[in-house]
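Per-entry structural report
In case you want the letters, here they are:
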Amino acid sequence: MKSASRAWGIFALIQTTVYLVVYGSALWGARFLAPLDIAPAIFPAYKFVDPTSNGIPDNHYIIDQLTYDLPLQTVIYDAYRRGEIPWWDPYTYGGRPLLADAHINGTDPIRLLCYFTLPFELAYNWNLVLHSLVAAAGMFALLRFWRFGVFTSTTMAVAWQFSGAFVMHFGHPWIAGTFVWFPFIWICWERALLAGFSSVRSTVVASFLCGASFYSGNLQSHLYLSLFGLVFLVGHLPADRRTTARLVAVVVASGILGVALAAPVLANQLEFFLLSTREVATNLQWWQHPAKVLLSLGGVFPWATGTFRTLDVGKVVNSSGNAWLVFCGSTTFVLAVLGFLGRRKTSEDQLSLWKTSVSLIASYLLILGTPLALIFYSRVAPLAVLGIVPLASIGLRWLTSDAWVARPKIAAALALTALLMVAAINIGALLVYPATKAALARSALAADAASKAFPAGSKALRMFQVENFPDEVSIRNPETGLSVAGLLLLSGAAGSGARRRRHCLAYASVFVSLLPALSFASRFIPDQPIEMLRQLKTGGPFQQQAMELVRGNNGRIFDRNEQVFPYAMAALYKVHTIHGYSALQPRSIFRQHTEQDLKASFGADFAVDLTGGGPLEVTLLSLQPPMGRFVTHGDGNLAVENETLNKLEIKVLQESPPIFKRTDTPYPGWKADSTCRLGNPDNRLWTEIQLTDFHGSAVTLEYRPTYLTAGVVISVFGALIGLILFFFRGTQSPQGACDSEFVSKL
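Here is a short report on the structure shown in this document. (Residues numbered from 1 in each chain as written. Predicted model: local features only at pLDDT ≥ 70, side-chain atom pairs only at ≥ 80, totals over all residues. Heavy atoms only, no water.)

**Quick word on helix α15 (residues 330-341)**
- A rise of 1.5 Å per residue sets the reference length of α15, with its 12 residues, at 16 Å; its end C-alpha atoms lie 17 Å apart and thus fit the reference within 8%.
- Extensive coverage of α15 is indicated by the burial of 9 of its 12 residues.
- Among the residues of α15, S330, T331, T332, F333, V334, L335, A336, L338 and G339 are the ones counted as buried. (Helix = DSSP H or I, 4+ residues; strand = E, 2+ residues; numbered from the N terminus. Expected span 1.5 Å × (residues − 1). Buried < 20%, exposed > 50% of the residue type's maximum accessible area, 1.4 Å probe, protein only.)

In structure tokens, the structure reads:
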């Protein structure tokens, strides 16, 4: 017990130090972990956020965090704090399901903990910070479970939590929300196979962790958990028939119970997926798939492919930062290769760890190298790193054990390869590249000309990227020098016959190799002044002018060029718009303006247009707002009296016709009170509201997910079953492969 406490104490000390270095004052809310500087750099209407912006944001890769995650999370936070579950988003796409959106992450247990206990700025920051901490704790616990030393477990936990798989997806928090539970699930499944523990209890705990993963992710990431379960099964075969049956039962049972626990969320997500208009992309050429696999091998030294501060080679295969996705330190990468080659040196009780780790990496490469990438996407990269880190731990254990025999030829080959690689990169970047950069700049600017992502800030940003390439990938960048130094130290360890010296060199190589990983993470992770957030939420002159148009009447705006409210930014200002931004799009009036009764108004009350540096052009589209949202045939005059995320009260100002149309997105789950009846004849893009027993001044509509009641019943039933099984004490069997007393302390 004392040893376990000491190990966790060291882990906590290391994590505290690392967090202060990477996140700094964002931990206490002095700065904000979102790329706020993208707004003034890229969008002219947001110059007010930072009038001194030179058009070059610190990191434009995670623009989605600004234009999608931040505004929607603001809506979600406000809803939770006033006691409302944010099932519906009334602001984008003319209305759409919110928590069912693929990338929302709005029911993540860690996020909910932060949202219910902290002010928004701290809650947003600590949601991201805590996911990283839980990821590290999971990997540390997993490696300690397999009896790796404290140094190996703490350093490899850092390699896992700040790997490119998480850092590159910092703006997509559902990825971390999903994968942070995988190491814990791995432990529970292993414990369920150990004879020294109750399989039922471990399976139940795994079920609750699977449920947490389901609550944190979306339908795509749920596939990742299924794939992880399949790989785990493969990693533990072949086995005798009895063990195999037990293995399958543990994995399948925990998955099924996890699905039951998350039923309210899963049913909502599945319904939205089936009703959405999204199509699977098929725009990759056949050769781009194997090219992605080759680029992934560049994870040993990903600077060679470019970074977020330069033009990226990965864009050739439609995958930016591909090599960075599996980066977790150059030494870690090489140690994983060593761990792969050292299968015969792996003890019998750790053979399943080796096989599972190799299978995780193989599954990622298989996905990347085939059309399966169109389904799983490169966001599945944490599965590969989940295999790389344990393999690297195996390799480090072998290298520092008495079984290691000095291999001077291998050491020389590793050192020579590292030196030749860095020499070639520096010669190319400093001598050859200058002759090509003009052509690259023209090509990049031409590609941006038709893109709405960079409407005005493209030139300054692209020119900076072109000019910055040598400084980023050559020895001028200290990260590259530290990575090469780590490889050279590892080479020295591999060629050393003296055990103590080999230990020092090996551990030093791991430590030095993590420094550039942490440096890259601290550069990539956005960190902006908190005052910029306050200015952004207040809005500039164009946003305030647009908000004033619909203030008091709740009309809807059509932003022609998506400059005043780009993508999902309208949600930040509580403004109803036609357009939006989402992985799943509902069937709505967005891009569907050919319906007979919507041709003129387009479902909006005002059109706003901002081009160049001129004033905001405003066009009235409906005779009297909010008639864009409510089409009538008569003299009736309607207004929105009260609206929350899930409820809408429509006030009748004067005699109303018996039937009017609501052009908000029609979607199952909307119910009306007794005064009216809802219909959707011929599956139109509007909802027909027919007054039936109307004697008051308002009608009330309310949204509730279609299968919410059934989902809650299934979830409660699943939780009860889990708790009953957990407190059932099974018979204890003889101790298995791992030390049960040690594992119980974890």
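**Quick notes on the sheet that holds strand β14 (residues 676-679)**
- Taken together, the 4 strands give an open sheet; going across it, the order is β9-β12-β15-β14, and neighbouring strands pair in antiparallel fashion. A strand with exactly one partner marks an edge of an open sheet, and here the two such strands are β9 (630-632) and β14. The mean angle between the axes of side-by-side strands here comes to 25 degrees, regardless of whether they run parallel or antiparallel.
- Summarising the sheet, β14 and strand β15 (residues 687-691) pair through 4 bridges and their orientation is antiparallel. By the bridge assignment for β15, L678 is matched with I689. (Pairing = 2+ DSSP bridges. Axes fitted to C-alpha atoms, helices over the stretch in contact; angles between N-to-C directions.)

**Here we look at a nonpolar patch on the surface**
- On the surface, V200, F717, I721, L725 and F728 cluster together to form a nonpolar patch covering roughly 440 Å² of accessible area.
- The class of F717 is exposed, set by a relative accessible area of 54%. (Patch = residues over 30% accessible without salt bridge, like charges linked within 9 Å, V, L, I, M, F, W, Y side chains within 5 Å. Areas by Shrake-Rupley, 256 points an atom, 1.4 Å probe, with all protein chains shown as cover. Salt bridge = Lys/Arg side-chain N within 4 Å of Asp/Glu carboxyl O.)

**A look at the sheet that holds strand β7 (residues 606-609)**
- A sheet is described by the order of its strands in space; here 4 strands give the open sequence β6-β5-β7-β8, paired in mixed fashion. Edge positions in the sheet fall to β6 (576-577) and β8 (617-620), since each of these pairs with one other strand and no more.
- Pairing analysis gives 3 bridges linking strand β5 (residues 556-559) to β7, with the strands arranged parallel. Paired with F558 across the two strands is A607, which belongs to β7.

**Thoughts on the packing of aromatic side chains**
- Applying the stated criterion across every chain yields a total of 48 aromatic pairs.
- Pairing F182 with F228 gives two aromatic rings, centres 5.0 Å apart and planes at 15 degrees, and the pair type is stacked. In this pair, F182 is assigned in helix α9 (residues 182-193) and F228 in helix α11 (residues 219-235), connecting sequence segments 46 residues apart. Accessibility assignment for this pair places F182 and F228 in one class, buried.
- Relative to W324, the ring of W303 lies with its centre 5.1 Å away and its plane at 80 degrees, an arrangement referred to as edge-to-face. Placement of W303 in the loop between α14 (288-297) and α15 and of W324 in the loop between α14 and α15 is noted, with a sequence separation of 21 residues between them.
- Assessed through its relative accessible area of 1%, W324 is described here as buried. (Phe/Tyr/Trp six-rings, centres within 6.5 Å; stacked < 30°, edge-to-face > 60°.)

**Examining the pairing of strand β10 (residues 638-643)**
- Bridging between β10 and strand β11 (residues 647-652) involves 5 bridges; their strand directions are antiparallel. The residue of β11 that forms the bridge with E643 is L648.
- If you look at the hairpin formed by β10 and β11, you'll find 3 residues sitting between the two strands.

**Concerning empty space enclosed by the protein**
- Evaluation of the coordinates by the stated rule reveals 2 cavities of 30 Å³ or more.
- Looking at the largest cavity, its volume works out to about 180 Å³.
- Taken together, 17 residues make up the lining of the largest cavity; nearest its centre are L128, S132, F166, F170 and A176.
- Elements with a minimum of two residues in the lining of the largest cavity: α5 (120-145), α7 (164-167) and α8 (173-179).
- Here the lining of the largest cavity gets 4 residues from one element, more than from any other, and that element is α5.
- A per-class count over the lining of the largest cavity returns 12 nonpolar, 5 polar and no charged.
- The computed volume of the second largest cavity comes to approximately 40 Å³.
- Lining the second largest cavity we find L99, D101, A102, I104, N105, G106, T107, Y215, G217 and Q269.
- Its residues assigned to classes, the lining of the second largest cavity comprises 4 nonpolar, 5 polar and 1 charged. (1 Å grid on protein atoms, 1.4 Å probe; cavity = no way out; pocket = protein on both sides within 12 Å on 5 of 7 lines; lining within 4 Å. Points joined across faces, edges and corners; volume = space filled by probe spheres on them. Nonpolar A, V, L, I, M, F, W, Y, C, P; charged D, E, K, R; others polar.)

**Structural notes on the side chain of T480**
- Structurally, T480 can be placed in helix α22 (residues 478-494).
- Among the residues examined, T480 registers a relative accessible area of 0% and is labelled buried.
- Those residues in contact with T480, other than ones at most four positions away along the chain, are F301, W303, E472, V473, S474 and I475. (Contact = heavy atoms within 4.5 Å.)

**So, the nonpolar core**
- Ranked by size, the top nonpolar core spans 209 residues in total, and within it Y23, Y46, F162, F228 and L536 carry the most contacts.
- For this core, the element with the most residues is α5, which contributes 15 residues.
- Ignoring anything within four residues of it in the chain, the contact list for Y46 reads A39, P40, L536, Q543, Q563, V564, F565, P566, M569 and Y573.
- Ranked by size, the runner-up nonpolar core spans 8 residues in total, among them F590, A604, A607 and L685. (Core = buried A, V, L, I, M, F, W, Y, C linked by side-chain atoms within 4.5 Å.)

**Section: the pattern of salt bridges**
- In total, this model carries 15 salt bridges according to the counting rule given.
- R556 is the partner of D664 in a salt bridge, and the nearest nitrogen-oxygen pair spans 2.1 Å. Of the two residues, D664 sits in the loop between β12 (659-662) and β13 (670-672) while R556 sits in strand β5, which places them 108 residues apart along the sequence.
- Since its relative accessible area comes to 0%, R556 is described here as buried.
- Here D664 makes a salt bridge to R662, at a shortest N to O gap of 3.1 Å. An identical accessibility class is assigned to D664 and R662; each is buried.
- Here the salt bridges do not stand alone but share partners, grouping R556, R629, E643, R662 and D664 into one network.

**A word on the pairing of β11**
- With burial as the criterion, only one face of β11 is covered, namely that bearing L648, I650 and V652; the residues K647, E649 and K651 on the opposite face remain uncovered.
- Strand direction decides the pairing type here: β11 and strand β16 (residues 698-703), joined by 5 bridges, are antiparallel. Within β16, the residue paired with K651 across the bridge is A698.

**A word on helix α3 (residues 63-81)**
- Look at α3: 27 Å from first C-alpha to last across 19 residues, which is about the 27 Å you get at 1.5 Å a residue.
- Maximum bend of α3: about 35 degrees, positioned at D69, with proline P71 one to four residues after it.
- Taken across its 19 residues, α3 has 16 buried, putting it largely inside the fold.
- Positive backbone phi, approximately 85 degrees, marks G83, located one or two places after α3. (Bend = angle between axes of the 7 residues up to and from the residue.)

Just distances and angles here, no functional claims.
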